[in-house]
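# Close look at the chain arrangement
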Amino acid sequence: MQIHNNLRALRLRRATLALSLSFGALLGSSSSSWAQTPALKKARAAMPPQVGVYRMKIGDFNVTALSDGTIPISLHNLLTNVKPGQVTHTLEHDVLKDPVETSVNAYLIEAGSRLILVDTGSGELYGPTLGYLPNSLHAAGVRPEQITDVLITHIHTDHSGGLMNYQALAFPNAAIHIAKREVEFWLNPQNIAKFPTRKKLFAEARAKVAPYIKAGKVKTFSGDVQLFPGISTLAAYGHTAGHTVYVLESKGQKMQFWGDMMHAASLQFPDPDVTIVFDTDSRMAAATRKKYMVDAAKQGYWVAFDHVAFPGVGHIRTEGKGYRWIPINYSDDGSGQ
Ligand SMILES: [Zn+2]
């Protein structure tokens, strides 16, 4: 019972901390380096993370979902375009409490001689419940210097924060692929004045991406292009200016990596019009989500999300006026069968 109470106290403390950090990011306030503090070390020692690794095969490619940890987010405070009572009713229905513990996932693709990472987690910037991607990568048997390519869905700290390990390139031998318009948006100092509430995100974008630009390692692309054999990009703008979907195809099987097209599965699958304050253009974000949902439900390919409960992989089906998420059925061989 004592252990139970301790865990509960820790979770509440984590929730309060994570929330303040979330709002800090949104409001542009400074959150000093949590990764250095005794509180972080204590929290991690008290509750080590799950081993966040889940392997599966897509044709000739091995795909491994990697967890960066979880972060509680308040859907009451952060969701927009919701109907009165919608959040309360849905959370009750799904036996969830606000703030909702939310996964931060990234994905490793083994494609021949390439080792490709889709998004990088948050690095040291969100602690103490996030920043576990290096542990997950280690558990998958991969060293950061072995990564040949990093595909960034968009430049938000929980996706691009892991690019740097403090002042060092976390993936020193990798090319970093990001949509041109995404880089132009976040690294243009003039945009900081246009989006004053995102000041901290702009600073973090610069801290994490600029060193790779300086080292000549960032490769940009525009729109829908083929990056490597079997791996291509699709424009999915709205959540951010250059938010990108990555598509993996091999031997008739397909998986799409949808980044931040979903933050609150309970609400946004049945009602894709629901948006979140982190969207740069919420109207466009909702329209893009609906367009992709229609396609995924019709075609039946695998979809992988950065913020759907780990491993974040599953299928999308139509249900009523909205959609239903069908998470992969756990299986030792990752086939879902
Ligand atoms: Zn985002």
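If you're wondering where the values come from, they're calculated on a predicted model, not measured in any experiment.

## A few points about the confidence of the model for the protein chain
Residue-level pLDDT values for the protein chain average 89, and 86% of them are 70 or greater. Every residue in residues 1-36 is under pLDDT 50, and counting partners more than four places away or in other chains gives 55 contacts.

## Section: the pairing of strand S5 (residues 114-118)
Burial runs high along S5: four of the five residues are buried. Examined bridge by bridge, strand S4 (residues 100-111) and S5 share five bridges and lie antiparallel to one another. When the bridges of S5 are listed, isoleucine 109 appears paired with isoleucine 116. Taking the residues between adjacent antiparallel strands as the criterion, S4 and S5 are bridged by two residues, where glycine 112 takes a positive phi near 60 degrees. Bridge count for S5 against strand S6 (residues 149-151) is three bridges, and the pairing is parallel. Within S6, the residue paired with leucine 117 across the bridge is valine 150. In the classification by handedness, the crossover that spans S5, the intervening helix H5 (residues 133-139) and the parallel S6 is right-handed.

## Details of the sheet that holds strand S2 (residues 61-73)
Pairing in this open sheet of seven strands is mixed, and the strands run S1-S2-S4-S5-S6-S9-S10 from one edge to the other. For this open sheet the edge positions go to strand S1 (53-58) and strand S10 (218-221), each flanked by a neighbour on one side alone. Adjacent strand axes in the sheet meet at a mean angle of 25 degrees, parallel and antiparallel pairs treated alike. Pairing analysis gives six bridges linking S1 to S2, with the strands arranged antiparallel. In the sheet register, isoleucine 58 faces S2, and the bridge partner there is phenylalanine 61.

## A short note on the coordination of the zinc ion
The protein atoms that coordinate the zinc ion are His154 (NE2), His156 (ND1), His239 (NE2) and Asp260 (OD), at distances spanning 2.0 to 2.2 Å. Relative to the metal, the four donor atoms surrounding the zinc ion lie at angles of 92 to 167 degrees, and the coordination shape comes out irregular. Motif for the zinc ion, donor spacing along one chain: H-x1-H-x82-H-x20-D. Within this pair, whereas histidine 239 is found in the loop between strand S12 (231-235) and strand S13 (244-250), its partner aspartate 260 is found in the loop between strand S14 (253-257) and helix H10 (265-268), the two being separated by 21 residues in sequence. Look at histidine 239 and you get buried, because its relative accessible area is 3%.

## Quick notes on the side chain of glutamine 86
Along the polypeptide, glutamine 86 turns up in helix H4 (residues 86-93). Residue classification places glutamine 86 among the buried residues on the basis of a relative accessible area of 14%. Polar contacts involving the side chain of glutamine 86 include one to the main-chain amide nitrogen of lysine 83, which spans 2.7 Å. With sequence-adjacent residues up to four places away left out, glutamine 86 is seen in contact with Leu267, Asp271 and Val274.

## Remarks on the sheet that holds strand S16 (residues 302-304)
Taken in spatial order, the seven strands line up as S11-S12-S13-S14-S16-S17-S18 in an open sheet, and their pairing is mixed. With partners counted over all chains shown, the strands left at the sheet margins are strand S11 (226-228) and strand S18 (322-327), one partner each. Recorded for the sheet is a direction-independent mean angle of 35 degrees between the axes of neighbouring strands. In terms of strand pairing, S13 meets S14 through five bridges, oriented antiparallel. Considered in S14, the bridge of leucine 248 is made with methionine 255. Across the sheet, helix H11 (residues 282-299) touches S12, S13, S14, S16, strand S17 (313-319) and S18, and the angle it forms with S17 is around 95 degrees.

Conventions adopted
- Residues numbered from 1 in each chain as written.
- Predicted model: local features only at pLDDT ≥ 70, side-chain atom pairs only at ≥ 80, totals over all residues.
- Heavy atoms only, no water.
- pLDDT = per-residue confidence, 0-100.
- Contact = heavy atoms within 4.5 Å.
- Buried < 20%, exposed > 50% of the residue type's maximum accessible area, 1.4 Å probe, protein only.
- Helix = DSSP H or I, 4+ residues; strand = E, 2+ residues; numbered from the N terminus.
- Pairing = 2+ DSSP bridges.
- Right-handed = clockwise from strand over helix to strand, strands pointing away.
- Axes fitted to C-alpha atoms, helices over the stretch in contact; angles between N-to-C directions.
- Donors = N, O, S within 2.8 Å, 3.2 Å for Na, K, Ca; no water.
- Tetrahedral: all angles 85-135°; square planar, octahedral: opposite > 155°, others 65-115°.
- Polar contact = N/O pair within 3.5 Å; in protein donor to acceptor, adjacent residues only side chain to side chain.

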